[in-house]
2 protein chains.
Amino acid sequence: MNFSSKLLENAVNEVSRLPGIGKRTALRLVLHLLKQPKENTKYLTEALNSLRNEVKSCKKCHNISDTLLCDICSNTNRNEEIVCVVEDIRDVMAIENTGQFRGLYHVLGGKISPIDGIGPQNLQIESLVEKVKKKEVKELIFALSSTMEGDTTNFYIFKQIEKYEVTTSTIARGISVGDELEYADEITLGRSIVNRIPFEQSIKG
Amino acid sequence: MNFSSKLLENAVNEVSRLPGIGKRTALRLVLHLLKQPKENTKYLTEALNSLRNEVKSCKKCHNISDTLLCDICSNTNRNEEIVCVVEDIRDVMAIENTGQFRGLYHVLGGKISPIDGIGPQNLQIESLVEKVKKKEVKELIFALSSTMEGDTTNFYIFKQIEKYEVTTSTIARGISVGDELEYADEITLGRSIVNRIPFEQSIKG
């Protein structure tokens, strides 16, 4: 692109570094900011800088937090002995929205993915094994997405902790509530039949 | 969304104010910045702030510029007597890319659009009429996108200048009606400038 302004070119280049944002979209976003009052750009950049420089990682669950111990980990009403293993904060938010889980989380920060250069040492796995070793945890719930990377990560962690006294489970895979059977994929439908649950149990939820 | 961090929530809210960016996309972008080195966020926010606070509007054509007179207007090799009327910088970039135009531009800053509250007084129309009045311009080429707003704007300007001695033309209808200039291919757009037709003729069709 042939910009008439170095300032504009520089801003477009920086914005287009963001994932899923091409040059054209970046230009559209930057021109939008130019049409808005200067305060809007100030608020946006201040919010990004504050976040990047001040945000912390909870020392217990490694979730994004404003404090050293996050709100969930510091809540004494929650059951410390049940820990749900997730990939990132988006999974924590999704599970919290259900209102069905009263335990704590452990945020790995990703999944094992050799193709992206992410090995076990890049994730918060050691501190999870440490929790299990110290008998702080009675049950681990694996809630990673069921992709090859997710399954690999689950299995890697399982191998590290199987010698210790801890119950492990994974979230149930099955047909979504409200979905038609005929459109479900075969693997999901197959699992939902193998892992069927007593009818009485299903009507309680 | 239920964020565990005020800093995160604030950043997501600010990013999602941008056009076409929802809360989920904003969260994805912000989490990406958190995974990158701090410098990346610094460069991004510095580029946006510099642009917003330092960029100028060329005093002659009103295009975005780093200097008071833009590169195109200060280029003595260009024909000052032919002025191409466009909506914004994206149109200037698109026409410049064709290499078919050696005149100057006049950037209106938008199109007349009552539904968005944009009237002639919000656009750089008065200074254009002034140029014509002072006989600085021999030919005006209307290159607004051929939407209802573009046609309205062309016609409004035409009515203001028809009493003065100036040739008016519009770019040829090689561009599909309703399409935006910035997405047109260079050959079609280049030809449409070479084959421009008198404005009177265009409004008959």
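Before going into details, it helps to say that this report is about the structure given with it.

### Brief notes about unusual backbone geometry
And then number 1: A positive phi angle, close to 60°, is found at K135 of chain A, a residue other than glycine.
And then number 2: With respect to the helices, strands and loops of the structure, K135 of chain A is situated in the loop between helix 5 (126–133) and strand 5 (139–142).
And then number 3: Phi at H62 of chain B is positive, roughly 70°, even though this residue is not glycine.
And then number 4: Relative to the helices and strands, H62 of chain B resides in the loop between strand 1 (56–57) and strand 2 (64–65).
And then number 5: A residue is classified by how much of its surface remains accessible, and H62 of chain B, at 17% relative accessible area, is buried.

### Some words on the packing of helix 1 (residues 6–15) of chain A against helix 2 (residues 23–35) of chain A
To characterise two packed helices, one gives the angle between the axes of the helices and the distance between these axes.
Residues and elements named next belong to chain A.
And then number 1: At a minimum axis separation of 8 Å, helix 1 and helix 2 run at an interaxial angle of 120°. Between helix 1 and helix 2, the angle is such that the two are oblique. Like other packed secondary-structure pairs, helix 1 and helix 2 cross with a definite hand, here right-handed. For the pair helix 1 and helix 2, the contacting residues are L8, A11, V12, N13 and V15 in the first and K23, A26, L27, L29, V30 and L31 in the second.

### Observations regarding the pairing of strand 3 (residues 79–86) of chain B
Residues and elements named next belong to chain B.
And then number 1: In this sheet, strand 4 (residues 103–107) lies alongside strand 3 in parallel orientation, the contact comprising five bridges. Within the sheet, the bridge partner assigned to V85 lies in strand 4 and is H106.
And then number 2: Taking the sense of rotation as the criterion, the β-α-β connection linking strand 3, helix 4 (residues 89–98) and strand 4 turns out right-handed.
And then number 3: Where strand 3 and strand 5 (residues 139–142) come together, four bridges link them in parallel fashion. Looking at strand 5, one finds that V85 is bridged to F142.

### Quick look at empty space enclosed by the protein
And then number 1: With the rule as written, the count across this model stands at four cavities of 30 Å³ or more.
And then number 2: There is about 150 Å³ of room inside the largest cavity.
And then number 3: Lining the largest cavity are 14 residues, and of these V15, L18 and L44 of chain A together with L18 and L44 of chain B lie nearest its centre.
And then number 4: Residue assignment for the lining of the largest cavity shows that the elements contributing at least two residues are helix 2 and helix 3 (38–54) of chain A together with helix 2 (23–35) and helix 3 (38–54) of chain B.
And then number 5: With three residues, the single largest contributor to the lining of the largest cavity is helix 2 of chain A.
And then number 6: The class makeup of the residues in the lining of the largest cavity is 14 nonpolar, no polar and no charged.

### Topic: the pattern of salt bridges
And then number 1: Evaluated as defined, the whole model comprises 18 salt bridges over all chains.
And then number 2: Here E162 of chain A ties to K159 of chain A by a salt bridge, and the two come within 3.1 Å at their closest N and O atoms.
And then number 3: A residue is classified by how much of its surface remains accessible, and E162 of chain A, at 44% relative accessible area, is partly exposed.
And then number 4: A salt bridge links E14 of chain B to R17 of chain B; the shortest N-O distance between them is 3.4 Å.
And then number 5: Of the residues examined, R17 of chain B reaches a relative accessible area of 57% and is grouped as exposed.

Definitions and limits used
Residues numbered from 1 in each chain as written. Chains lettered and ligands numbered in written order. Predicted model: local features only at pLDDT ≥ 70, side-chain atom pairs only at ≥ 80, totals over all residues. Heavy atoms only, no water. Helix = DSSP H or I, 4+ residues; strand = E, 2+ residues; numbered from the N terminus. Buried < 20%, exposed > 50% of the residue type's maximum accessible area, 1.4 Å probe, protein only. Axes fitted to C-alpha atoms, helices over the stretch in contact; angles between N-to-C directions. Parallel < 35°, antiparallel > 145°, perpendicular 65-115°, else oblique. Left-handed = near helix turned anticlockwise from the far one by under 90°. Contact = heavy atoms within 4.5 Å. Pairing = 2+ DSSP bridges. Right-handed = clockwise from strand over helix to strand, strands pointing away. 1 Å grid on protein atoms, 1.4 Å probe; cavity = no way out; pocket = protein on both sides within 12 Å on 5 of 7 lines; lining within 4 Å. Points joined across faces, edges and corners; volume = space filled by probe spheres on them. Nonpolar A, V, L, I, M, F, W, Y, C, P; charged D, E, K, R; others polar. Salt bridge = Lys/Arg side-chain N within 4 Å of Asp/Glu carboxyl O.

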